[in-house]
Amino acid sequence: MDFPSLIKEFGDKLGASLSLSEHDTCSVLFDEDEVVFELRDGRLFMTIDIGSADGRDEDYPRFLAHAAAAANTGFSCLGIDPERNVFTLTHILEGDMDESGFEQTVTIFVCAARHWMDYLVTRPREGVADKPFDMQGLPDILIRI
């Protein structure tokens, strides 16, 4: 199934009207966490802000190490938006996918993002970033928007 159709079906399941704009973008809120979808060159980019990068230079090595190994990211990429100075998590989808795979990918993506949001809030606690992110209650994320 193509990405615009998957997004529409996903929105229908959430009870929301969800479709790509004329600029091939849209977003959906899970609680207060906004996932932005952007279609570029046949690939669907999912991006979410995970926290301010202000004064967080000491976190760069840990973020880079986890990004390089795709550890605790759901095979997404940790990054920074230099214009807004915020840490982001991005996942790129390409190829064929069904509704179930799309839903599962979005759910894992949101869980991974929340893991890193928690890390940024609780960083003084050792090892938070190194623990696997919580996969409990995955379906619950999809019904809370």
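Residues numbered from 1 in each chain as written. Predicted model: local features only at pLDDT ≥ 70, side-chain atom pairs only at ≥ 80, totals over all residues. Heavy atoms only, no water.

(A) Summary view of the nonpolar core. Membership of the largest hydrophobic core comes to 34 residues, with the highest contact counts inside it found for Val35, Phe37, Ile50 and Phe102. Those elements that provide at least two residues to this core are helix H1 (3–14), strand E1 (25–30), strand E2 (33–40), strand E3 (43–52), strand E5 (86–93) and helix H3 (99–122). Of all the elements, H3 adds the most residues to this core, at 10 residues. Those residues in contact with phenylalanine 102 that lie beyond four places of it in its chain are Leu6, Ile7, Phe10, Phe37, Leu44, Leu93 and Met97. (Core = buried A, V, L, I, M, F, W, Y, C linked by side-chain atoms within 4.5 Å. Buried < 20%, exposed > 50% of the residue type's maximum accessible area, 1.4 Å probe, protein only. Helix = DSSP H or I, 4+ residues; strand = E, 2+ residues; numbered from the N terminus. Contact = heavy atoms within 4.5 Å.)

(B) Region of interest: the pattern of salt bridges. Taken as a whole, this structure holds eight salt bridges when the rule is applied. Close ionic contact of arginine 84 with aspartate 81 constitutes a salt bridge, the shortest N to O distance being 2.9 Å. For arginine 84, a relative accessible area of 45% puts it in the partly exposed group. When salt bridges with common partners are traced through the structure, they connect Asp31, Asp33 and Arg114 into a single cluster. (Salt bridge = Lys/Arg side-chain N within 4 Å of Asp/Glu carboxyl O.)

(C) Representation of a nonpolar patch on the surface within the structure. Taken together, the side chains of Tyr60, Leu64 and Ile80 make up a nonpolar region of the molecular surface, amounting to roughly 270 Å² of accessible area. On the secondary structure map, isoleucine 80 appears in strand E4 (residues 77–81). Residue isoleucine 80 is classed as partly exposed on the basis of its relative accessible area, which comes to 36%. (Patch = residues over 30% accessible without salt bridge, like charges linked within 9 Å, V, L, I, M, F, W, Y side chains within 5 Å. Areas by Shrake-Rupley, 256 points an atom, 1.4 Å probe, with all protein chains shown as cover.)

(D) Up close: the side chain of histidine 91. Looking at the element boundaries, histidine 91 is found in strand E5. With a relative accessible area of 11%, histidine 91 lands in the buried category. Separated by 2.9 Å, the side chains of histidine 91 and serine 76 make a polar contact. The contact partners of histidine 91, leaving out residues within four places of it in the chain, are Leu44, Phe45, Met46, Gly74, Phe75, Ser76, Thr105 and Phe109. (Polar contact = N/O pair within 3.5 Å; in protein donor to acceptor, adjacent residues only side chain to side chain.)

(E) Representation of the sheet that holds E2. Taken together, the five strands give an open sheet; going across it, the order is E1-E2-E3-E5-E4, and neighbouring strands pair in antiparallel fashion. With one partner strand each, in any of the chains shown, E1 and E4 form the two edges of the open sheet. On average, each strand axis in the sheet is inclined to that of its neighbour by 30°, with strand direction left out of account. Across six bridges, E1 lies against E2 in antiparallel orientation. Paired with valine 28 across the two strands is valine 35, which belongs to E2. Across the sheet, H1 touches E1, E2, E3 and E5, and the angle it forms with E1 is around 30°. Sitting on the sheet, H3 is in contact with E1, E2, E3, E4 and E5, with an inclination near 20° to E3. (Pairing = 2+ DSSP bridges. Axes fitted to C-alpha atoms, helices over the stretch in contact; angles between N-to-C directions.)

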